[in-house]
Amino acid sequence: MRNDEILTVKETAALLKTTRQQVRKMIVNEELPAVKVGREWRVLKAGIMEFFEMNL
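Thresholds applied
- Residues numbered from 1 in each chain as written.
- Predicted model: local features only at pLDDT ≥ 70, side-chain atom pairs only at ≥ 80, totals over all residues.
- Heavy atoms only, no water.
- Pairing = 2+ DSSP bridges.
- Helix = DSSP H or I, 4+ residues; strand = E, 2+ residues; numbered from the N terminus.
- Axes fitted to C-alpha atoms, helices over the stretch in contact; angles between N-to-C directions.
- Contact = heavy atoms within 4.5 Å.
- Left-handed = near helix turned anticlockwise from the far one by under 90°.
- Nonpolar A, V, L, I, M, F, W, Y, C, P; charged D, E, K, R; others polar.
- Buried < 20%, exposed > 50% of the residue type's maximum accessible area, 1.4 Å probe, protein only.
- Arc of directions from axis to C-beta.
- Core = buried A, V, L, I, M, F, W, Y, C linked by side-chain atoms within 4.5 Å.

### Description of the sheet that holds strand β2 (residues 35-37)
To summarise the sheet geometry, strands pair through backbone hydrogen bonds and adopt either a parallel or an antiparallel arrangement. A sheet is described by the order of its strands in space; here three strands give the open sequence β1-β3-β2, paired in antiparallel fashion. In this open sheet, the two strands that pair with only one neighbour each are β1 (6-8) and β2. Geometrically, the sheet is characterised by an average inter-axis angle of 40 degrees between neighbouring strands, direction not taken into account. The pairing of β1 with strand β3 (residues 40-44) spans three bridges and is antiparallel. Within the sheet, the bridge partner assigned to I6 lies in β3 and is L44. The sheet contacts of helix α3 (residues 45-55) involve β1 and β3, and relative to β3 the element is tilted by about 65 degrees.

Put into structure tokens, the structure is as follows:
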């Protein structure tokens, strides 16, 4: 998986081994950078890696 890959909330939740609701909460709380495309959120894999680096 490349860092420039764009993930859905469902894919992000699977990668983080958490729920879709938790991922949405992280997005709303600005813990996880994301972009809204229509009614759906999209997360850049690089943003997930940045989240881990900042929280380890």
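### Some points on the packing of helix α1 (residues 9-16) against α3
At a minimum axis separation of 11 Å, α1 and α3 run at an interaxial angle of 35 degrees. Judged by the sense of rotation from one axis to the other, the crossing of α1 with α3 is right-handed. Each of T12, L15 and L16 in α1 lies in contact with α3, whose residues at this interface are K45, I48 and F52. Here the residues of the contact of α1 with α3 are counted per class, giving four nonpolar, one polar and one charged.

### Re α1
Among the residues making up α1, those that are buried are V9, T12, A13 and L16. The buried residues of α1 occupy one face: seen down the axis, they fall within an arc of 100 degrees. Of the residues in α1, the exposed ones pointing more than 90 degrees away from the buried face are K10 and A14. Looking at the buried side of α1, the elements it contacts are β1, α2 (20-28), β3 and α3. At the C-terminal side of α1, K17 shows a positive phi close to 55 degrees.

### What to know about the nonpolar core
Side chains that are nonpolar tend, in soluble globular proteins, to be buried together. Ranked by size, the top nonpolar core spans eleven residues in total: L7, V9, A13, L16, V23, M26, I27, L32, V43, I48 and F51. Discounting residues that sit within four places of it in the chain, V23 has contacts with V9, T12, A13, T18 and L32.

### Description of unusual backbone geometry
One non-glycine residue, K17, adopts positive backbone phi at about 55 degrees. Even without being a glycine, E30 presents a positive backbone phi close to 60 degrees. With respect to the helices and strands, the residue E30 is situated in the loop between α2 and β2. Under the relative-accessibility criterion, E30 is labelled exposed at 73%.

By themselves these figures say nothing about function.
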